[in-house]
Amino acid sequence: MAKLKVYEYPHPILKQKAEKVEAVDGEMRKFLDDMLETMYASNGCGLAAPQVGVSKRVVVIDIAHEDEKPNPLYMVNPEIVWKSDEVQVCEEGCLSLPSLRAEVERFAAVKVRYLDYNGKECELLAEDFLAIATQHELDHLDGILYIDHVSRLKRQMLVKKLEKMRKEQGGN
């Protein structure tokens, strides 16, 4: 397995609509493993392929706490097939927007259809935090970041904060 580079806002790949995966083969499984290793190394709970520079419809998620056994979820070509009427607000962060957080409104539950690690078609009813993480990661596949769900003013404040942090760290 290999740790991949996580692309940060405003890299253009983060705004692209990702392409469908043709087959879940050995190469794709290796990529899924690398994504999972990258997510764990970055202390994330989800990662989408565009975040590591690959414009494919692939995400990995693991919402298990540090004191719990890992429970990775691999989703290839995921699509939301049902959304609850109920919504919830949760503070979100993103590996592509390091150190930033904002409250985002999401559906409280979603049903997702996807191919798993072995290419088998699956359906998952995601609720609570898993629903939030799933919607967040699937948004990445359509070029949507969580800051696109907040007001223009809040988004501008977050981007300015990110730029300031990068200058302080000697970045761009």
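To be clear, the structure that these remarks concern was listed above.
Computed from a predicted model, the values in this text were never measured in an experiment.

Reading the values: the criteria
Residues numbered from 1 in each chain as written. Predicted model: local features only at pLDDT ≥ 70, side-chain atom pairs only at ≥ 80, totals over all residues. Heavy atoms only, no water. Helix = DSSP H or I, 4+ residues; strand = E, 2+ residues; numbered from the N terminus. Rg over C-alpha atoms; globule rule 2.2 N^0.38 Å. Buried < 20%, exposed > 50% of the residue type's maximum accessible area, 1.4 Å probe, protein only. Lys, Arg positive; Asp, Glu negative; His and termini not counted. Charge placed at Lys NZ, Arg CZ, Asp CG, Glu CD. Salt bridge = Lys/Arg side-chain N within 4 Å of Asp/Glu carboxyl O. Pairing = 2+ DSSP bridges. Polar contact = N/O pair within 3.5 Å; in protein donor to acceptor, adjacent residues only side chain to side chain. Contact = heavy atoms within 4.5 Å. Phe/Tyr/Trp six-rings, centres within 6.5 Å; stacked < 30°, edge-to-face > 60°. Lys NZ or Arg CZ within 6 Å of the ring centre and 35° of its normal.

## As for the overall build of the chain
- Helix and strand counts for the chain stand at three helices and seven strands.
- Along the chain, helices (α) and strands (β) appear in the sequence α-β-β-β-β-β-β-β-α-α when read from the amino end.
- At 16 Å, the chain has a C-alpha radius of gyration in line with the 16 Å of a compact globule built from 172 residues.
- A principal-axis box enclosing the C-alpha atoms of the chain has dimensions of 45 × 40 × 35 Å.
- Taken over 172 residues, the chain has a buried fraction of 44%.
- Averaging the locations of the 24 positively and 30 negatively charged side chains of the chain gives two centres separated by 7 Å.

## A few points about the pattern of salt bridges
- According to the stated counting rule, one finds 11 salt bridges in the structure shown.
- Overlapping salt bridges, with partners in common, bring together Lys17, Arg57 and Asp142 in one network.

## Overview of the pairing of strand E3 (residues 73–83)
- As paired elements, strand E2 (residues 58–61) and E3 share four bridges and run antiparallel to each other. Counterpart to Val58 in the pairing with E3 is Val76.
- Where E3 and strand E6 (residues 109–115) come together, five bridges link them in antiparallel fashion. Looking at E6, one finds that Ile80 is bridged to Val112.

## A word on the side chain of Gln51
- When you line up the elements, Gln51 lands in the loop between strand E1 (46–48) and E2.
- A polar contact is formed between the side chain of Gln51 and the side chain of Ser96, at a distance of 3.1 Å.
- Residues within four places of Gln51 in sequence aside, it is in contact with Lys5, Val6, Tyr7, Leu14, Cys94, Leu95, Ser96, Glu137 and His140.

## Looking at the environment of Glu68
- Structurally, the position occupied by Glu68 is in the loop between E2 and E3.
- From its side chain, Glu68 meets the backbone nitrogen of His65 in a polar contact 2.8 Å long.

## A few points about the packing of aromatic side chains
- The full count for this structure, using the stated rule, is one aromatic pair.
- Ring centres of Tyr74 and Tyr117 lie 4.7 Å apart, and the angle between their planes is 50 degrees; on these two criteria the pair is classed as tilted. Linking Tyr74 in strand E3 with Tyr117 in the loop between E6 and strand E7 (121–127), this pair joins segments that are 43 residues apart in sequence.
- The class of Tyr74 is buried, set by a relative accessible area of 15%.
- Looking at Tyr117, the relative accessible area reads 23%, which means it is partly exposed.
- Looking at Lys5, its charged tip hangs above the ring of Tyr7, at a distance of 4.6 Å from the centre.

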